[in-house]
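Residue-level structural notes
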Amino acid sequence: MQALIHQGNKLISSSKDGCIKVWDVLLQHCCQTVLGFKGEVWSLDVGPSEQRLVAGCVDSDLRVYAIRSPKSSSTDSQLANNSVGGRLTAASDSDDNQDAQMVVAMEAAAAAAEGANGLQQQQQSGKHDVLVCMGTVRRAGQERVVLIRFDASGQLLGVMGAGKGLEVFR
């Protein structure tokens, strides 16, 4: 099990088959399969407000999804307009990486703009889908993602790569 969404009784799992699956706990069946990853999906996490999900796989991109509440009347375009865009910036633990931080922030904005269009075309979103693609964020690390975690406030996102490097996004 990767994540449990309490408000809608949904369970979200990721696996080595390159998919994210949303399970309905009450009906005990898969209600959505998210495709379009370049390989195994190694980690994902849901923000504390249960409005965003971030997933990482074997490449250097993080995929960001809006979580549609069962009681929500938001359309796909409204969810995409709340995109992460230029708001995500990387924080690094080394002092000589300030230029890299700026590049990551600029790439994140560009990737979110490009990724929102590309990934939404890959995943045709239905009106009953729980996860709606918002785009991608490029990481500085090139190794696969090992662990993704939001902090308790949902303001920071930590991403650990296989090389034990930690990237922090806000």
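The structure this text deals with has already been given above.
**With respect to the overall build of the protein chain**
For the protein chain, the count of helices and strands is two helices and twelve strands. Overall, the protein chain shows an N-to-C arrangement of helices and strands of β-β-β-β-β-β-β-α-β-α-β-β-β-β. Looking at the protein chain as a whole, 44% of its 170 residues are labelled buried. In the protein chain, the share of contacts with a sequence separation of at least 24, taken over all contacts with a separation of at least 6, comes to 50%. For the protein chain, the accessible surface area stands at approximately 9100 Å², while carbon and sulfur atoms represent 51% of it.

**Here we look at the packing of aromatic side chains**
On inspection of all chains with the given rule, the structure shows zero aromatic pairs. Lying over the aromatic face of Trp42, Arg144 brings its terminal NZ or CZ to 3.9 Å of the ring centre.

**With respect to the state of the cysteines**
Taken as a whole and assessed by the stated rule, the structure comprises zero disulfides. Looking at the unpaired Cys31, the closest cysteine sulfur is the one in Cys30, lying at 6.3 Å.

**A closer look at the sheet that holds strand β7 (residues 61-67)**
The antiparallel open sheet is built from four strands, whose spatial order is β5-β6-β7-β9. Looking at the sheet topology across the chains shown, the edges are occupied by β5 (41-46) and β9 (131-138). Sheet twist, expressed as the mean angle between neighbouring strand axes with direction ignored, is 25°. The pairing of β5 with strand β6 (residues 52-57) spans five bridges and is classified as antiparallel.

Reading the values: rules and limits
Residues numbered from 1 in each chain as written. Predicted model: local features only at pLDDT ≥ 70, side-chain atom pairs only at ≥ 80, totals over all residues. Heavy atoms only, no water. Helix = DSSP H or I, 4+ residues; strand = E, 2+ residues; numbered from the N terminus. Buried < 20%, exposed > 50% of the residue type's maximum accessible area, 1.4 Å probe, protein only. Contact = heavy atoms within 4.5 Å. Areas by Shrake-Rupley, 256 points an atom, 1.4 Å probe, with all protein chains shown as cover. Phe/Tyr/Trp six-rings, centres within 6.5 Å; stacked < 30°, edge-to-face > 60°. Lys NZ or Arg CZ within 6 Å of the ring centre and 35° of its normal. Disulfide = S-S within 2.5 Å. Pairing = 2+ DSSP bridges. Axes fitted to C-alpha atoms, helices over the stretch in contact; angles between N-to-C directions.

In short, geometric facts, not functional conclusions.
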